[in-house]
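Residues per chain are reported as follows:
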Amino acid sequence: MSAALPDLIAAALERDAARPLLTYYDDATGERVELSGATMANWVAKIANLMQDEYDVGRGVRVAVLLPAHWQSAAVLLATWLLGAEATTDPSVATVVFGTETSLGDLAPGGPPRIALSLLPLGRPFDGVPADAQDFAVLVPPQPDAFAAYDAPADGDLATSDGADQMPAGELAQLAEESAGALGLGPADRVLVAGAAERTDDLLLGLLAPLAACASLVVVAHPDPAVLPDRCAAELVTATVGIDVVGVRRLDTGAR
């Protein structure tokens, strides 16, 4: 029997609190950040508390996530699902929007509250916050380190919506576990993810299937193909999503 989506997330974050869960690289800046399960759990709890207490996010509420592949993007998505909320890429239907300066700048004035992520090294705040937005790096750190949803999520709550592509939380968790099994992922795997995770298939392969398999992640922004083979060797990467690396197995939706 498949785990509920919040249970799958909680188990992944708590499974080995000291072990690296997600390692993030930005090849454009040289940034490298490594987060243990405990550190990621702390960020997820803080973001979930912010959404719940400041923006009334809970079951059935839509959260627009307009973010590239990044460790903070993963934390925002996991927090959204712990609340029983729905991740969408359509800000017009959302209660709150998380985005970068660029993605938020593309939106028309007005609309729901906007939380801007600088995606700068070490989670630094903006030098100047984008217009009509609040700074993620200022809002999140003061939040509590422990989280409990006021209204416990249910399997029937929608977890994702991207146009006609909608998926309940229970189905998403089940597909993540099935994908992990079909792809042969296990605790020893390190999955390198490059590029944006915008569709449900991308989320399954790039985030949830590895977590369901007790695997860990290496997320790369602005990947430089010239350095990826050495990085895969150094990080003990066993599979990739979104990019080809010679000698490393690439996962794709067809594998499910």
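Treat the numbers as computed from the prediction; the structure is a model and nothing was measured. (Residues numbered from 1 in each chain as written. Predicted model: local features only at pLDDT ≥ 70, side-chain atom pairs only at ≥ 80, totals over all residues. Heavy atoms only, no water.)

**Student:** How should I be thinking about the overall build of the chain in this particular structure?
**Tutor:** Scanning the chain from terminus to terminus reveals 8 helices and 13 strands. The globule rule puts the C-alpha radius of gyration for 256 residues at 18 Å, and the 17 Å found for the chain is close to it. The burial tally for the chain puts 53% of its 256 residues in the buried class. Summed over its atoms, the accessible surface of the chain is roughly 10800 Å², and 52% of this surface lies on carbon and sulfur atoms. (Helix = DSSP H or I, 4+ residues; strand = E, 2+ residues; numbered from the N terminus. Rg over C-alpha atoms; globule rule 2.2 N^0.38 Å. Buried < 20%, exposed > 50% of the residue type's maximum accessible area, 1.4 Å probe, protein only. Areas by Shrake-Rupley, 256 points an atom, 1.4 Å probe, with all protein chains shown as cover.)

**Student:** Just checking my understanding: could you explain the side chain of glutamate 31 for this structure?
**Tutor:** By the element assignment, glutamate 31 lies in strand 2 (residues 31-36). Excluding its chain neighbours within four sequence positions, the residues that come into contact with glutamate 31 are Tyr24, Tyr25, Asp26, Trp71, Leu119, Leu120, Pro121 and Leu122. (Contact = heavy atoms within 4.5 Å.)

**Student:** Looking at this model, I keep getting lost on the pattern of salt bridges. Mind explaining?
**Tutor:** Two side chains of opposite charge can pair, provided their charged atoms sit close to one another. Within the structure shown, the criterion is met by 9 salt bridges. We note a salt bridge from aspartate 151 to arginine 59, for which the minimum N-O separation is 3.6 Å. Linking aspartate 151 in the loop between helix 5 (136-139) and strand 8 (158-162) with arginine 59 in the loop between helix 2 (37-55) and strand 3 (62-66), this pair joins segments that are 92 residues apart in sequence. On the basis of relative accessibility, which here comes to 42%, the residue aspartate 151 falls in the partly exposed class. (Salt bridge = Lys/Arg side-chain N within 4 Å of Asp/Glu carboxyl O.)

**Student:** Please clarify how the environment of alanine 17 should be interpreted in this entry.
**Tutor:** Tracing the sequence through the fold places alanine 17 in the loop between helix 1 (5-14) and strand 1 (20-26). For the pair alanine 17 and alanine 149, spaced 132 residues apart in sequence, the C-alpha to C-alpha distance is 21 Å. With residues up to four places along the chain from it excluded, the contact list for alanine 17 reads Ser36, Gly37 and Ala38.

**Student:** What is the right way to read the sheet that holds strand 13 (residues 249-250) from this model?
**Tutor:** Remark on secondary structure: sheet strands pair via backbone hydrogen bonds, oriented parallel or antiparallel. On the basis of which strands lie adjacent, the open sheet formed by 6 strands has the order 2-1-11-10-12-13 and mixed pairing. The open sheet has two free edges, formed respectively by strand 2 and strand 13, since each of these has just one partner strand. Against the sheet, helix 2 contacts strand 1 and strand 2, and its axis sits at roughly 90° relative to strand 2. (Pairing = 2+ DSSP bridges. Axes fitted to C-alpha atoms, helices over the stretch in contact; angles between N-to-C directions.)

**Student:** What's the story with the packing of aromatic side chains in this structure? I'm lost.
**Tutor:** The tally for this structure, following the rule as stated, stands at 3 aromatic pairs. Ring geometry for tryptophan 43 versus tryptophan 71: centroids 4.9 Å apart, planes at 80°, classification edge-to-face. Of the two residues, tryptophan 43 is situated in helix 2 and tryptophan 71 in helix 3 (residues 71-82); the sequence distance between them amounts to 28 residues. A relative accessible area of 4% places tryptophan 71 in the buried class. Between phenylalanine 98 and phenylalanine 136, the aromatic rings sit 6.5 Å apart at their centres with planes inclined by 75°, giving edge-to-face as the arrangement. (Phe/Tyr/Trp six-rings, centres within 6.5 Å; stacked < 30°, edge-to-face > 60°.)

**Student:** Whenever I open this one, the pairing of strand 10 (residues 190-194) confuses me. Can you help?
**Tutor:** Here is the key point about a regular strand: its side chains alternate between the two faces of the sheet. Strand 10 sits mainly inside the fold: 5 of its 5 residues count as buried. Here strand 10 shows two buried faces, one formed by Arg190, Leu192 and Ala194 and the other by Val191 and Val193. With 5 bridges connecting them, strand 10 and strand 11 (residues 216-221) associate as parallel partners. Bridging from a neighbouring strand, alanine 194 pairs with valine 220 of strand 11. Direction of pairing for strand 10 relative to strand 12 (residues 239-241): parallel, over a ladder of 3 bridges.

**Student:** Would you mind showing me how to read unusual backbone geometry here?
**Tutor:** Peptide bonds are mostly trans, and most non-glycine residues show a negative phi. Backbone geometry at cysteine 214 places phi at a positive 65°, although glycine is not the residue there. Considering the arrangement of structural elements, one finds cysteine 214 in the loop between helix 7 (200-212) and strand 11. Although it is not a glycine, histidine 222 sits at a positive phi angle of roughly 50°. Here histidine 222 lies in the loop between strand 11 and helix 8 (228-234). Given the relative accessible area of 54%, histidine 222 is considered exposed.

Geometric descriptors of this kind do not, in isolation, establish any biological role.
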